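Descriptive structure summary
Okay, here's what each chain looks like letter by letter:
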Amino acid sequence: MTSTPPSSADTPTAVTTRSGWGRRLVDSLSRYGFVIVFFAFVVFFAVRADAFLNPSNLVNILEGNAVLLIAALAMTLVVASGGIDLSIGIAIDFGGWFAIIAMRDYNLTWASALLVGLLAGAAVGTLNAALVVRLKISPFLATLGTFFIGSSVQQIYTSGGGQVPFREMSESFRSLSTGAVLGIPTEIVLAGTVGLLYFVLLERSVHGKRIHAIGLQRSVASVSGIRVSGYLVFVFIFASATVALSGIILTAGLRQFTPLSGFSYLLDSIAAVFIGASMHPQRRPNVAGTLVGVLFLGVVSNGLNLMGLDFNLRDALEGIILVGALALAFTNRNNRAAEVSI
Amino acid sequence: MKATSLLEGAGSALEMETVSKTFPGVRALDRANLSVSRGEVHGLVGENGAGKSTIIKILAGVYRADAGKVNVDGAPLEKIDPASVHRLGVRFIHQEISLVPHFSVAESVFLGQEQTGKFGTAKRLMRQRAEAFLTETLGVELDGRALVRDLSVAERKLVQIARALIDGQAKLVVFDEPTAVLAAAEVQTLFAAIDALRQAGKSMLYVSHYLNEIHQICDRVTVFRNGTDVGVMNLRQSQEPQVGVPEIIRLMVGRDIDDLYPQRQHTKRKQKALEVTDLDDGQRLRGVSLTVGAGEVVGLTGIIGSGRAELVDSLYGLRKIRSGQILVNEEPAKANSPARAVRSGLALVPRDRRNDGLVLDMTVADNVNLATLEEVSTLGWLNRAAASRRGDESMERLDVRPRGSQAVSRLLSGGNQQKVVLGRWLASQARVYVLDDPTVGVDVGARSEIYRLIADLAQAGAGVLMCSNDPAELLGMCDRILVIVRGRIIADIVAAETDLEQLTALATGGAEAT
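The rules behind these values
The residue count restarts for each chain, going from 1 along the sequence in the order it is written. Chains and ligands are labelled by the order in which they are written, letters from A for the one and numbers from 1 for the other. Selection of residues for local features in this predicted model requires a pLDDT of at least 70, selection of side-chain atom pairs for listing and counting requires 80 or more, and totals for whole chains, interfaces and linings are taken over all residues. In DSSP terms, a helix is any run of H or I states spanning at least four residues, a strand is any run of E spanning at least two, and both are numbered starting from the N terminus. Our radius of gyration is a C-alpha quantity, and the globule rule it is checked against amounts to 2.2 Å times the number of residues to the power 0.38. The exposure label follows from counting other C-beta atoms within 10 Å of a residue's C-beta, where the C-beta atoms are placed from the backbone and the thresholds are 20 or more for buried and 12 or fewer for exposed, leaving partly exposed in between. Two residues form a contact once the distance between their C-beta atoms, set from the backbone, is within 7 Å. Where each domain starts and ends comes from a domain assignment, either automatic or drawn from a database. Put simply, a nonpolar core is buried Ala, Val, Leu, Ile, Met, Phe, Trp, Tyr and Cys residues tied into one set by C-beta atoms within 7 Å. One bridge is not enough; two strands pair if DSSP finds at least two bridges between them. Between N-to-C directions, angles cover 0 to 180 degrees, with each direction set by a line fitted to C-alpha atoms, over the stretch in contact for helices.

What to know about the overall build of chain B
Of the regular secondary structure elements, chain B holds 17 helices and 24 strands. A compact globule built from 514 residues would reach a C-alpha radius of gyration of about 24 Å, and chain B, at 24 Å, matches this within 12%. When the backbone C-alpha atoms are referred to their principal axes, chain B occupies close to 65 × 50 × 50 Å. Within chain B, buried positions represent 52% of all 514 residues. Counted over contacts in chain B with a minimum sequence separation of 6, partners at least 24 positions apart contribute 68%.

Things to note about the overall build of chain A
The helix and strand inventory of chain A stands at 13 helices and 4 strands. The long-range share in chain A, meaning contacts at least 24 apart out of those at least 6 apart in sequence, stands at 74%.

Thoughts on the domain arrangement of chain B
Assigned domains within chain B: domain 1 (10–89 + 170–253) and domain 2 (354–428). Centre-to-centre separation of domain 1 of chain B and domain 2 of chain B, based on C-alpha positions: 33 Å.

What about the nonpolar core?
Most often, soluble globular proteins have nonpolar side chains that are buried together. Residue and element names in this part refer to chain B. One finds Val432, Tyr433, Val434, Leu465 and Met466 to be the most contacted residues of the largest nonpolar core, which totals 177 residues. Setting aside its immediate chain neighbours within four residues, Met466 contacts Val297, Val298, Gly299, Leu300, Leu435, Pro438, Ile454, Leu474, Met477 and Cys478. Counting 67 residues, the second largest nonpolar core, distinct from the first, contains Tyr63, Ala65, Ile80 and Ala193.

What about the pairing of strand S13 (residues 272–280) of chain B?
Residues and elements named next belong to chain B. Alignment of S13 against strand S14 (residues 286–293), held across 6 bridges, turns out to be antiparallel. Considered in S14, the bridge of Leu274 is made with Val292. Taking the residues between adjacent antiparallel strands as the criterion, S13 and S14 are bridged by 5 residues, where Gly282 takes a positive phi near 80°. Note that S13 and strand S16 (residues 323–328) share 5 bridges and pair antiparallel. Its bridge partner lying in S16, Thr277 is registered against Gln325.

Some points on the pairing of strand S10 (residues 203–207) of chain B
Residues and elements named next belong to chain B. For S10, the buried fraction is high: 5 of the 5 residues fall into the buried class. Residues of S10 alternate between two faces, with Ser203, Leu205 and Val207 on one and Met204 and Tyr206 on the opposite face, all of them buried. In this structure, strand S3 (residues 41–46) lies alongside S10, joined through 4 bridges in parallel fashion. Across the sheet, the residue bridging to Leu44 is Val207, located in S10. Across 5 bridges, the pairing between strand S9 (residues 172–176) and S10 is parallel. If you follow Phe175 over to S10, its bridge partner there is Tyr206.

Considering the sheet that holds S9 of chain B
Residues and elements named next belong to chain B. In space, the 6 strands of this open sheet follow the order S6-S9-S10-S3-S11-S12, with mixed pairing throughout. Two strands bound the open sheet, and with one partner strand each, they are strand S6 (90–93) and strand S12 (228–234). Neighbour-to-neighbour, the strand axes of this sheet turn through a mean angle of 20°, independent of strand direction. With 6 bridges joining them, strand S11 (residues 220–225) and S12 adopt antiparallel strand pairing.

Quick look at the environment of Asp456 of chain B
Checked against the element boundaries, Asp456 of chain B lands in helix H15 (residues 444–459). Separated by 194 residues in sequence, Asp456 of chain B and Pro262 of chain B place their C-alpha atoms 9.5 Å apart.

A look at unusual backbone geometry
A positive phi is found at Lys136 of chain A, a non-glycine position, where the angle reads about 60°. Topologically, Lys136 of chain A is positioned in the loop between helix H4 (110–134) and helix H5 (139–157). What makes Lys136 of chain A exposed here is the crowd of 9 C-beta atoms within 10 Å. Phi is positive for Glu177 of chain B, close to 45°, though the residue is something other than glycine. Mapped onto the elements of the fold, Glu177 of chain B is located in the loop between S9 and helix H6 (184–199).

Some details on the sheet that holds S16 of chain B
Taken in spatial order, the 4 strands of this open sheet run S14-S13-S16-S17 (chain B), and their pairing is antiparallel. Each edge of the sheet is formed by a strand with only one pairing partner; in this case those strands are S14 and strand S17 (331–332) of chain B.

Below, the structure is given as structure tokens:
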């Protein structure tokens, strides 16, 4: 062992100690920061807007965000695999559009129309997969390309973005949006089912484990014998088919298809995924986190709405709240001792 | 033993006294001392987790010490941050090479310290200076315009060193495992450079697992164990008793390691585990043929650029091959993707553990099970209890520390991470193990355990192709050793009939195969 240092006259180096529990507190604050902010907002809105905690309003929030949840789940899958999908708007549009065409122009039953819509979404995903896996274009650029192509296709065939109405759609198809199962709105049931499916797929199945491995460290997944290309193809196609369901629900509710309307879900779903990732100990995209992210966005938007704020101000506030909460969640990330020993 | 006795005379370039640092759950440093005299090359050794890296990171201003003091060049350092340490002339050659892939050699060398002329940055001047420095001080010919991404790992290392030293202000240079990526010949080039720097009066702190290197290059060495310094040894003065590598090991490990390499009984089997015939990739590999018998450990060595890396990549399915055949278990294997290679019965332990070996942000159990997930699942549903049990069993068997299969792999030390990578394949039915530098950056204790593991694999009938830069390791472990030079296997020798000198000479082209 060592002897004591020779003299104590020298000035000691800067020493700041953050004790164990203090660090842990900061750690869990950063990890659960979003959940805390989330509940703070729930309390705040409950106090400031009487209607907020009204059961019907809460159901409204869930119903209003079911479509976003489905899109965000698909985005979670893609981000978990290490990519991103900027073309989910296109898959949303194609899903609803082709379902309407199937019913209106080809007199298909509602179930067949649903299938056609999903396949249309899958086709968008197939293009993404081909670009990413075959041509090795980065997911960001590949899906951006798909987005541009898909947008143009819609404009061409809808004479510059005209709506495609179908008032006579069957009640069964319409009930995908407006119906209820055992008293629960169908939209919520569908979103819940997709959520459960994604949870099992991504968090409980072998395939989810492999997809996470691909996203976290692709070369490792590869030399471990995982068929990386195969999984990426699956991820892009499955995600696009999933968001097509969002589009089908949207058209069922509106009894019409509005071109390029899916785009508005892109940024919200990305935000929800990263909010969710901020809550994971390894900052990994995850299904439960995405659910919290979607609810957070929904609650903030709904609460600000109920408080009767200026429409123009609302977007800015939403942005500030989102950035603030994310900053809280991520500030401590870099301070954490990532490597304890080498 | 204490550093203070050496302070007279030359004075200290660096003094770190009673430095402590605690991470959540880990006491990384416990009143550790480290002192480097002016103009000396000072070694720092210790097993993984002994606190070497932590004390280096404290000096670098990456971590802040909980307690202790630091003097650089005789002056106490009040606040340690990267900028102030740099100002005092302390330069770090980190183990990880952080260079921008798309920058040229010259740009990389002068990154953040660009030379300016009349018209902005003086590109030509920088290129000339970078090339001159690399040639004269480091003894390597590199085109200043070459892109970093096109360089070999060893060349990148040299660029990294050039970058730290080109401004001529360096007083204390800290090398963290500088030779981990270098081939034997290049190690000598580096040592020549270090010697030149020593002549120029620079002080150096040399952190390495390679005790032979420490013994060769360092004047003194400080040994760390369990977060503190357990001794300083003088390696230069001819004092009694003479300090050798075994003495360093004893102090480092706290016990004797009698035989680093396990005794192996090689029983010759007829079956060939791996047979490669006339492998050609049209570039680096020109008709490589080799066989690895079942139960056999075959070594493969070759300097950087010899085609060794390309051969391994081809076996992994990472490299397109133009002609030739690979047989695994006497059945043809398609080597066009790692997934195929694995399914045909190969187990791949890559060289770059942190990038290719482990998913660092996944748990140990996940990493162990990654190649064999279907065995802990039913119809795709992951049986998490079984997966975690297998992780635990594997950690127990491999003696991975700290225990706990739910720990994030990033937190393990290098040696333990490597055990986890090996653990992944022990669970599989692989018949051929392709190990690429399996003990790089692994301390002596863990290394002997990994060797034992490899011996066990061979004993169980697997064929092992062990690629390594360390001839001593190949001599200790292998039945046969292959030497690859310029894309051809030039020698296939029985390990017992050769020695270190011959191997090195063969690999560097200094001798003909006998």
